[in-house]
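Report on the structure
Here is how the chains run, residue by residue.
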Amino acid sequence: MTKPKAKGAETLPLNQILSGDCIERMNSLPAGSIDLIFADPPYNLQLKGDLHRPDNSKVDAVDDDWDRFDSFKIYDRFTRDWLAAARRLLKPNGAIWVIGSYHNIFRLGAELQNQGFWLLNDVVWRKSNPMPNFRGKRLTNAHETLIWASKEEASKYTFNYEALKALNEGVQMRSDWVIPICTGHERLKDDKGDKAHPTQKPEALLHRVLVATTNPGDVVLDPFFGTGTTGAVAKMLGRDYIGIEREESYRKVAEARLAKVRKFDREALTVSTSKRAEPRVPFGQLVERGMLRPGEELYSIGNRHKAKVRADGTLIGNDVKGSIHQVGAQLEGAPSCNGWTYWHFKREGKIIPIDVLRQQIRAEMGDQRPH
């Protein structure tokens, strides 16, 4: 159920992108007003010169001015200041997610603890399709690290445990997440056809974070908004967002992106609050990756029954809710049901088994295995 707006929420610039310096902007917002912060700060990659592939073509790496700091001391001061501003904004039971690479995540983690945040988990985002190491002098950087922390040790932070379990087909969610980087239709381009942002995060990653640690109606702040992935997923999931972005080119792309996003209906936003030799693919992965959208209807064999997809990968139909297998079995009055072959979706007037989408993901997994 969507939560009523908190008192004073009307003073927040909800569902807007604020321009300017993130620290100044955060300090201008009312204290104790934000439920969750997702932060993807500059990584301070310290790149020296251009990076080329074996065929001598240049790699489109992160070499923008916003990622350049003259020293670790300056970067640490910046980290200290924006985290202090972030902590002031969080509600007593609020929480923060920060994401980084080996270049900065350890510095971020230390400063989080220095400022009194309480670390809850570190999550390894394992990229199923990472960029190769072209120089061949190090391991391929196939993951990034997220840190999830509450404002205080005693904070009653939001954690939708059962929703995450449902997303993972009834199995407890682990702290290593296999999600592909942005490619194809999800990768945003600028007017020249180039990548709009060098480190655009996949919607699947933010979907999992927001379903896990927020509720509809919560306010989510992203102080390094970029091209607006956090805002797009928040809007779809019925959360309010505030973005801060100093680069005009990124704001322009984000505004156009957000204008096209629709919020899912209330029924589809509800998530589970009670339990329940090919690679296993949870149905929830199809939802995270946008192959199926919350609110989309699935149809049984023979079109006798239908059910609606929910944000956590469960279904609801005729007041029956649960996994694709549970709902199919209950609608048929059967002891069990293979939901992968039972349920179908519609595309351009055609009825297609959802198992086609599972096989597509399995094929991608197979492409990543050593040959």
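Residues numbered from 1 in each chain as written. Predicted model: local features only at pLDDT ≥ 70, side-chain atom pairs only at ≥ 80, totals over all residues. Heavy atoms only, no water.

1. Quick word on the overall build of the protein
Secondary structure summary: the protein contains twelve helices and 14 strands in total. Of all 371 residues assigned to the protein, the portion counted as buried reaches 52%. Total accessible area on the protein stands at roughly 18600 Å², and carbon and sulfur atoms take up 49% of it. (Helix = DSSP H or I, 4+ residues; strand = E, 2+ residues; numbered from the N terminus. Buried < 20%, exposed > 50% of the residue type's maximum accessible area, 1.4 Å probe, protein only. Areas by Shrake-Rupley, 256 points an atom, 1.4 Å probe, with all protein chains shown as cover.)

2. Brief notes about empty space enclosed by the protein
If you add up the space inside the largest cavity, you get close to 40 Å³. Listing elements by their share of the lining of the largest cavity, those giving two or more residues are α5 (203–213), α6 (229–236) and α9 (283–288). Tallied by class, the residues present in the lining of the largest cavity amount to five nonpolar, one polar and three charged. (1 Å grid on protein atoms, 1.4 Å probe; cavity = no way out; pocket = protein on both sides within 12 Å on 5 of 7 lines; lining within 4 Å. Points joined across faces, edges and corners; volume = space filled by probe spheres on them. Nonpolar A, V, L, I, M, F, W, Y, C, P; charged D, E, K, R; others polar.)

3. Let's talk about the confidence of the model for the protein
Summarising the model, the protein shows a mean pLDDT of 87, and 84% of its residues fall at 70 or more. In this model residues 47–62 is a low-confidence stretch, pLDDT under 50, and it forms 25 contacts with partners more than four residues away in sequence or in other chains. (pLDDT = per-residue confidence, 0-100. Contact = heavy atoms within 4.5 Å.)

4. As for unusual backbone geometry
For residues that are not glycine, phi is negative in most cases, and the peptide bond is trans in most cases. Phi is positive for Asp319, which is not a glycine, with a value near 65°. Here Asp319 lies in the loop between β11 (315–317) and β12 (320–322). Using a relative accessible area of 79% as the deciding quantity, one classes Asp319 as exposed. With a phi angle near 50°, Glu348 is a residue other than glycine that sits in the positive phi range. Along the chain, Glu348 turns up in the loop between β13 (344–347) and β14 (350–353). According to the relative accessible area criterion, Glu348 is exposed, its value standing at 84%.

5. Structural notes on helix α3 (residues 105–114)
All of the buried residues along α3 are Ile105, Leu108, Gly109, Glu111 and Leu112. The arc that holds the buried residues of α3, viewed along the axis, is 170°, so those residues lie on one side. Every exposed residue of α3 that faces more than 90 degrees away from the buried side is listed here: Phe106, Gln113 and Asn114. Where α3 is buried, its residues touch α2 (72–89), β3 (90–100), β4 (118–126) and β5 (143–150). Among the residues trailing α3, Gly116 stands out with phi positive, at a value near 100°. (Arc of directions from axis to C-beta.)

6. Looking at the pairing of β3
With eight of eleven residues buried, β3 lies mostly within the body of the structure. With five bridges connecting them, strand β2 (residues 34–39) and β3 associate as parallel partners. Bridged to Ile34 within β3 is Leu90. Both β3 and β5 contribute to a ladder of six bridges, which runs antiparallel. Paired with Ile96 across the two strands is Ala149, which belongs to β5. (Pairing = 2+ DSSP bridges.)

7. Here's the deal with the pairing of strand β8 (residues 240–245)
Consecutive side chains along a regular strand alternate between the two faces of the sheet. Across the six residues of β8, six count as buried, placing the element largely inside the fold. Burial along β8 is two-sided: Asp240, Ile242 and Ile244 facing one way and Tyr241, Gly243 and Glu245 facing the other are all buried. Pairing geometry for strand β1 (residues 16–19) and β8, over four bridges, is parallel. Across the sheet, Gln16 pairs through a bridge with Ile242, a residue of β8. Examined bridge by bridge, strand β7 (residues 219–222) and β8 share four bridges and lie parallel to one another. Paired with Val220 across the strands is Tyr241, a residue of β8.

8. Things to note about the nonpolar core
Core analysis: the biggest nonpolar cluster contains 40 residues, and Trp97, Leu146, Trp177, Leu205, Val209, Leu210 and Leu237 have the highest contact counts within it. Looking at this core element by element, the count peaks at seven residues for α5. With residues up to four places along the chain from it excluded, the contact list for Val209 reads Leu36, Phe38, Trp97, Leu146 and Trp177. (Core = buried A, V, L, I, M, F, W, Y, C linked by side-chain atoms within 4.5 Å.)

9. Brief notes about the sheet that holds β4
Read across the sheet, eight strands follow the order β1-β8-β7-β2-β3-β5-β4-β6 without closing on themselves; strand pairing throughout is mixed. Of all strands in the sheet, those bounded by a partner on one side alone are β1 and β6 (176–178). Pairs of neighbouring strands in the sheet enclose a mean axial angle of 20°, with direction left out of account. The strands touched by α3 are β3, β4 and β5; relative to β3, the strand with the most contacts, the crossing angle is about 165°. Helix α7 (residues 248–259) rests against β1 and β8 of the sheet, and its axis sits at about 175° to β1. (Axes fitted to C-alpha atoms, helices over the stretch in contact; angles between N-to-C directions.)

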